[in-house]
Structures are given as structure tokens and as C-alpha cells.
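# Remarks on the overall topology
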Amino acid sequence: KTAAFVPRQKDTGYEQADQGNLAPDVPLDGVRALAPYAAGTLMAWNGNVVHWGSACEREGALDPRASLALVFRRADVPPDPAAPPISRAEAGAMGTSERLRLVAKALGFFSAWYDVPKELAALLKEAL
């Protein structure tokens, strides 16, 4: 399993990343590998950094890769109306259906880059 990124100083489109360009011009001479790292290594970067990982494989079922995306926002910046912040108390009080609704909504944020498998979309729709 491998991952790669383009450092900010090599990415001529970095400053314009918030303008909705879903197909960045990746400078091949700027690509840097993020491997090898030991299992369990935490890697983090901001959302404007061009980054990707290798495809998942059936053969990797015994050695799965886990990925978790988080968004931290500054307290002095208005929240995104499409994804308002959730307090710890609100999260603790959520039932299963509300959590699944948020999962479905979160998957929608990535739909420009990834197709949600039809089976998963059907399961979420059925659960809601």
C-alpha cells in the first residue's frame, strides 16, 4: 500500500485550491511518496494538499488500510451552512438514524471524486 502527495512549494495551483478545481494540474516532478511507514502511523495534511493513496485490493482484506477524514475549522470563521458544527453533547445524543443520515451526507461531499457503491447507497437509503 502506498500514498503520495505534492508539497505546497511544488503545487502551482495550491493557492487557488478553494476555487473548486476538482482536477488539479499535478506536477509529476513534485510528487513525493509517503511510504514506507509502519502500520498505525498517523499522517495529516490540510485539505488543499494534492494527495492520494493506492487502490484497495481484495487481497488486502487481512491487512486493511483505514482512512479517516476530519475537518477542523477556526472558531472565528463562520461555519459552512452545508456542514454545521456538531457539539460533543449533540453527537452523544444522536440516534442511529441521525448518524446514518450524517454518513450519507458526508459521502455526498466526496461524490465529485468517488462513486458511492450502489449497494452502500441502497443500504443507507433503506436505513433512513
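Next up on the list: the packing of helix H2 (residues 96–109) against helix H3 (residues 118–127). In the contact formed by H2 and H3, the axes pass within 9 Å of each other and the chain directions differ by 145 degrees. Here H2 and H3 pass one another in a crossing that is left-handed. Note on element contacts: H3 touches H2 through Leu120, Leu124 and Ala127, opposite Leu100, Val103, Ala104 and Leu107. Residues belonging to the contact of H2 with H3 are distributed by class as follows: seven nonpolar, no polar and no charged.

On to the confidence of the model for the protein chain, then. Scored by pLDDT, the protein chain has a mean of 79; 84% of the residues are at 70 or more. Mean pLDDT values over the elements of the protein chain span from 78, in strand E3 (residues 51–53), up to 94, in helix H1 (residues 88–93).

All right, on to the pattern of salt bridges then. The final tally for this structure, using the stated rule, is two salt bridges. Measuring nitrogen to oxygen at the nearest pair gives 3.0 Å for the salt bridge that ties Asp76 to Arg74. Of the two residues examined, Asp76 and Arg74, each falls in the exposed class. Residue Arg101 pairs with Glu98 through a salt bridge whose shortest N-O separation is 2.8 Å. Of this pair, Arg101 and Glu98 both sit in helix H2, separated by three residues, roughly a single helical turn. With a relative accessible area of 37%, Arg101 lands in the partly exposed category. Residue classification places Glu98 among the partly exposed positions, given a relative accessible area of 29%.

A few words on a nonpolar patch on the surface. A contiguous nonpolar patch, built from Phe109, Phe110, Trp113 and Tyr114 and spanning about 480 Å² of accessible area, is present on the exposed surface. Position of Trp113 relative to the elements: it lies in the loop between H2 and H3.

What follows concerns the sheet that holds strand E1 (residues 3–5). As summarised here, the arrangement of the three strands in space is E2-E1-E3, forming an open sheet in which the pairing is antiparallel. Unpaired on one side and paired on the other, strand E2 (32–33) and E3 mark the two borders of the sheet. Pairing analysis gives two bridges linking E1 to E2, with the strands arranged antiparallel. Bridging from a neighbouring strand, Ala4 pairs with Ala33 of E2.

Let's shift gears to the side chain of Asp11. Residue placement: Asp11 occurs in the loop between E1 and E2. Buried charge without a partner: Asp11 forms no salt bridge, and the closest opposite charge is Arg8, 8.5 Å away. Once residues within four sequence positions are removed from consideration, Asp11 is found in contact with Val6, Asn48 and Val50.

About the criteria used
- Residues numbered from 1 in each chain as written.
- Predicted model: local features only at pLDDT ≥ 70, side-chain atom pairs only at ≥ 80, totals over all residues.
- Heavy atoms only, no water.
- Axes fitted to C-alpha atoms, helices over the stretch in contact; angles between N-to-C directions.
- Helix = DSSP H or I, 4+ residues; strand = E, 2+ residues; numbered from the N terminus.
- Left-handed = near helix turned anticlockwise from the far one by under 90°.
- Contact = heavy atoms within 4.5 Å.
- Nonpolar A, V, L, I, M, F, W, Y, C, P; charged D, E, K, R; others polar.
- pLDDT = per-residue confidence, 0-100.
- Salt bridge = Lys/Arg side-chain N within 4 Å of Asp/Glu carboxyl O.
- Buried < 20%, exposed > 50% of the residue type's maximum accessible area, 1.4 Å probe, protein only.
- Patch = residues over 30% accessible without salt bridge, like charges linked within 9 Å, V, L, I, M, F, W, Y side chains within 5 Å.
- Areas by Shrake-Rupley, 256 points an atom, 1.4 Å probe, with all protein chains shown as cover.
- Pairing = 2+ DSSP bridges.
- Lys, Arg positive; Asp, Glu negative; His and termini not counted.

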